[in-house]
Structures are given as structure tokens and as C-alpha cells.
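# Residue-level structural notes
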Amino acid sequence: MTTSNDGYAYQYATMVLRRNRVPMEPVGFEPNWPDKPRPTKHYPGALAIPLPDAPPPASATVDAGLDPDPADDPFTLPVLGAMLRDSYGLLGRRLAIQANTDVHGYPWYARANWHRGTASGGGLYPCSIYWIAGPGAGPCPGIYHYGCRPHAMQRLLAGDVTPAVRAALGDATDATQFLVVGVKYWANAFKYNSFAYHAVSMDVGTLLQTWRMWAASDGRRIEPRFWFDQAALGRLLGLPADEEGLFAVVPLTWAPTRGSTIRPAAAVPGTVAVHRRDQEKSRVVHSFEATERLHRETALAAPDRPVPGALAAAAATAAPDGDRVPLPPPSPLNTPIRTALRRRRSSFGRFDATVPMTQADLAALLTAASAGQPPTESAAEGDGRLAKFYLFANHVQGLSAGSYEYDPAGHGLRPVQLGPQGAFLQRNYFLPNYNLEQAAVVLVPTIRAGAVLDEVGARGYNVVNATIGAIAQTCYTAAASLDLGCGVALGFDGVSYLEQLGLTGTDEMPLLIMLAGHERAQGSDYRYELR
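These remarks concern the structure in this document. What you see is a predicted model, and the numbers here were worked out from it, not measured in a lab.

### Comments concerning the side chain of Thr 467
Relative to the helices and strands, Thr 467 resides in helix α13 (residues 460-481). A distance of 2.8 Å separates a polar side-chain atom of Thr 467 from the backbone oxygen of Val 463. With residues near it in sequence (within four places) discarded, Thr 467 still touches Gly 372, Gln 373, Pro 374, Leu 386 and Ile 447.

### Concerning the nonpolar core
Membership of the largest hydrophobic core comes to 136 residues, with the highest contact counts inside it found for Trp 131, Trp 211, Leu 362, Leu 365 and Ile 513. Considering each element in turn, this core owes the most residues, 12 residues, to α13. When residues no more than four places from it in sequence are discounted, the contact partners of Trp 211 are Met 83, Leu 84, Ser 87, Ile 129, Leu 179, Val 181, Ile 222 and Val 250. Counting 22 residues, the second largest nonpolar core, distinct from the first, contains Ile 143, Phe 178, Leu 233 and Val 274.

### Concerning the pairing of strand β10 (residues 387-393)
Regular strands have side chains that alternate between both faces of the sheet. With 7 of its 7 residues buried, β10 lies for the most part within the structure. Bridge analysis of β10 against strand β13 (residues 441-447) gives 7 bridges, and the strand direction is antiparallel. Bridging from a neighbouring strand, Ala 387 pairs with Ile 447 of β13. Two strands pair when backbone bridges link them, and β10 and strand β11 (residues 402-407) are joined in this way by 4 bridges, in the antiparallel orientation. In the strand pairing of β11, Leu 391 is matched with Tyr 404.

### Overview of the layout of surface pockets
Roughly 840 Å³ of volume is contained in the second largest pocket. Along the wall of the second largest pocket there are 32 residues; nearest its centre are Arg 212, Gln 373, Pro 374, Pro 375 and Thr 376. Put simply, the parts of the chain that give the lining of the second largest pocket at least two residues each are α6 (196-216) and α13. In terms of residue count, α6 provides more of the lining of the second largest pocket than any other element does, 3 residues in total. The class makeup of the residues in the lining of the second largest pocket is 14 nonpolar, 7 polar and 11 charged.

### Notes on unusual backbone geometry
With an omega of 0°, the peptide bond running from Glu 25 to Pro 26 counts as cis. Its location among the elements puts Pro 26 in the loop between α1 (8-17) and β1 (47-50). In this structure, Asn 193 takes a positive phi of about 40° despite not being glycine. For Asn 193, the location among the structural elements is in the loop between α5 (186-192) and α6. Unlike most non-glycine residues, Phe 348 shows phi in positive territory, near 45°. One can find Phe 348 in the loop between α9 (337-343) and α10 (359-371).

### Focus: the environment of Trp 214
Its place among the elements puts Trp 214 in helix α6. Taking C-alpha positions, Trp 214 is 6.7 Å from Met 83, a pair spaced 131 residues apart along the chain. Once residues within four sequence positions are removed from consideration, Trp 214 is found in contact with Ala 54, Pro 56, Val 79, Ala 82, Met 83, Asp 86, Ile 337 and Leu 341.

### A closer look at α1
Counted residue by residue, α1 has 7 buried out of 10 residues, so it is predominantly covered. Those residues of α1 lying buried are Tyr 8, Ala 9, Tyr 10, Tyr 12, Ala 13, Val 16 and Leu 17. Where α1 is buried, its residues touch α6, α8 (289-301), α12 (449-456), α13, α14 (494-500) and β15 (509-510).

### Here's the deal with empty space enclosed by the protein
Overall, the coordinates contain 4 cavities of 30 Å³ or more when judged by the stated rule. As a volume, the largest cavity reaches approximately 140 Å³. Lining the largest cavity are 17 residues, with Pro 39, Thr 40, Lys 41, Tyr 125 and Cys 127 sitting closest to its centre. For the lining of the largest cavity, the secondary structure elements donating two or more residues are β4 (127-133) and β5 (142-147). Ranked by residue count, the leading element in the lining of the largest cavity is β4, at 3 residues. Of the residues contributing to the lining of the largest cavity, the split by class is 10 nonpolar, 3 polar and 4 charged.

Thresholds applied
- Residues numbered from 1 in each chain as written.
- Predicted model: local features only at pLDDT ≥ 70, side-chain atom pairs only at ≥ 80, totals over all residues.
- Heavy atoms only, no water.
- Helix = DSSP H or I, 4+ residues; strand = E, 2+ residues; numbered from the N terminus.
- Polar contact = N/O pair within 3.5 Å; in protein donor to acceptor, adjacent residues only side chain to side chain.
- Contact = heavy atoms within 4.5 Å.
- Core = buried A, V, L, I, M, F, W, Y, C linked by side-chain atoms within 4.5 Å.
- Buried < 20%, exposed > 50% of the residue type's maximum accessible area, 1.4 Å probe, protein only.
- Pairing = 2+ DSSP bridges.
- 1 Å grid on protein atoms, 1.4 Å probe; cavity = no way out; pocket = protein on both sides within 12 Å on 5 of 7 lines; lining within 4 Å.
- Points joined across faces, edges and corners; volume = space filled by probe spheres on them.
- Nonpolar A, V, L, I, M, F, W, Y, C, P; charged D, E, K, R; others polar.

Take a look at the structure:
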């Protein structure tokens, strides 16, 4: 990636692209697993309010969740509870024989693998979810933290502080209910050190996309804001400046409870803030210069919202002219959204190369992934999408093995390099949990990351990775609907992928790979549903 801009976000993006050739500092860092942090924030003594549930209607399918322009029906407390449970709540325990390196710990209850509807890098789930509730919600107005293990709202502060949130957003929203997504860096950095910012900013995208799909399938709208006064909102939430970053604010259209009256609150004094503190479990907490530098740069740029349309110049370029392999209409994704989220899992070495994928299923994955790009407040109608897609076809019915570029306008594939790709794929993958040649396809989304940073500044790094995370979550959910296995990986050599796909000298950047295909029949599997 070449650019004239010397901001740290550019340097960090280049380090990520080249990290399998030039390791990121600190080289040789090893996680201290016995002293790892809790998998969720812990606020001792906070009042916990159990969340009710409202099952989505039967019409709430994966296809419906990809509606680009859903209605904007109001949320209620049961609907909010259902969305949070299906996205980040613990859904059950799995214990299946597979190829991931942590499988040896699954039989032990203390190391149980509790699955969720949303994917997360390394299975760490570092996102913090806050509900800033105004009047009319049902519970007392205030600031709440979503406790995913008890599936409850933990009250951190009582009183209506929504005027402070609206001021931090700096726009004309009249919303009285807000979800705020933050990331406690140590929850991921204890394992991934300087790479943590890259991983967690994708995790934000997976979570937001689950909300978008879940809400859209039921006629509701999720429109995240990535630009806001992060410092002011962090002070309101009582967050130490460098320990936790705030990545998105989501205003909610809300249906007031019966008999309630929504009255505008007075301005919130600047001294009002959460005083409860998360209790850290790790005895030793490290900080990493790369993560802190990027956190500070993106936080400093957070209030400088670009004008709508600013991302138009960073949109994905059209596929060049040439022959196309036409794709059939996509297979329908008519599985209920809740069912698909419960089925979602990483395949970890379970792909079966003897059962090829149909072209209709491939078309469904590509169209879903292409649609799974979240809007931002800097986007405008006609801007075009940020991501484009390449794929390596290994085992697809009627499709020659090789690499291709997806042309969404013509719903076809432009051949890049024909011939088996399995040796290249495995040679450039650095973990033992997948044989990439066994996957039917390997999808590769790319974004012109440098162009995004040029147009909207350092905060654009969060937008780039949230977009890629959203695409990954959409692919997972679509694969579950199609009864296909799926896996997402970051441990690949990005420079080699640029060379193999003929992208050297362009500003496109491959940020992850997505594997899909049929899985082998399981001889043994254990699954226990909590709800």
C-alpha cells in the first residue's frame, strides 16, 4: 500500500499487511495464559436487571436481514433483550472433535467453549456493550453495561444522561436510547499484543452486522455512528483513557412503555460520570505501543465527521473488462435468523473436499457478503461499496479450479489465474487448524484502505475493519443458512495474496480470508443449548 500520508494509521496498516514477513513488535511475546483476563467485564455490586425476550417472527429470515433499506419500527425492551442474547449472549456449550489448537481444553468445565451468535477473533469477545437509557425505556434512565453471562443489564449510573450522548454525536438525532460499543484492549491484547487493534476493530464490525441483520429481519434499523466525541463519551462512562476505546454509537428508535412520558432532560453537568470500575482479573496488565498509538490517533480524529459522500473516492474499483463465468441465481437464505445465528460456528479442519459446493450456493455467499457492508454517516447514496471480492475455487460444481474476481454488477466471475490453487493457499497459511485445499472456496475481500484513510482520516481505519468484520459475519450467517461449513482466518501472507491475484501496485488490501464448503459427517459431537 503506497500513500503520501504519514499518519500512524497508514504505518500500522502496512505493518499488518507485512506481519508474516516482518513480525510486529514485541517479537517473541508469549501470552501468560494462567493470568489471562476475564472473558467479560465485571462490575462488583452493580444492580442487575434480567432482560426479557421477544422471539423474532417466523418471517425474520437471513434473506430478510440483508434488506438494504428496512423499515424503522421501534424497539422495545424485550426486542432489545432478544437481539443482545442472539448476538453476544451465551447460547450453549459445544464439544466436537476438530483441528483447532484449544480443543484439548474443551472437556474441562472451567475451559468450556460457550458459543455465541457473533464471531470473534480468537474466540475472545472483547466488545463491551453499554445501553444509555433515556426516559420511556421501562427501567430507570441511566447507563447500563450488558452482562452477557447472566444476560442482564448492570446499572452503572442512574439518571438521564442522553443529552450528553446527543452532544457527543453532534448531529440532530432525537433518539432517547443508545447502544455504545467499546473494546477493552487487554481482553484481546493479552493474546495478540500489537495486533490487537486490528483484530478488535473487526470484532466491532461482526457485532454491528449481527445487530443490523437481526433488526432488519424484523423491520428495524441499525445505523451505527463511527464519528463522535470519543473523549467526552469515555469520561461519561468512566473509562480509563488508554484502556478502552469506543468504536460506535447506535441510536435506537424506541417505543415508550405504556403510561410513560418522554420529557427532554436538562443538560448534563460535565462532572456527571460513572464511578464504578471494572474489576480486572489479571495480576499483570501489559500495554503495547502500536495499539495505544493507533487508539490515540483514531480517538483524536473521532469528532471530525466527514461530509456525506466523502468515501465515494475510496469505493472499490469495477472489475476490468474481459470474459466472465456467469453465476446462477443464488440459493435462497430462508432460514430464520435466530436459527442461523445458533448454527454459526468455525469449521476448524472439518471441510470435506469430496462434496463440491454448488454454484448457486457460491452465488448466495457472494451476494450476501457483498450486501453485508454497513453504512456510515460519511456515506451517501451512489458512493459504491468499499469492498470487492476475489475467490480461490477448489471444489465447486462446474467451475474450473482457479482464482477469480467477483463482478457484482454482472453477477459473474472474471478468471484471474486458472489451475489448482491448493498448494499456494496452504503454503501461505500459518496455523494448523485448516487445510485450505479442502475448502470448496476461499473468499478474499479487499478494501482500498489507503484511499479510505486519505478521504476520511485515521478514524477510517475503524470503518475499514468494521466493514471487513461485517462481511465475515454475513458470510458465517449465510453459510449456516445454506448448511455449509465456514471459517475466517487472519494468519495468511497478505503480500503473497497480492502477488497471486495480480494486485501488486494497486491500493487494494486483503484483510482476511473466508473459507466455505461442506463438512465431513461428525462421528461424535456434544452440544448443549442454554436457552
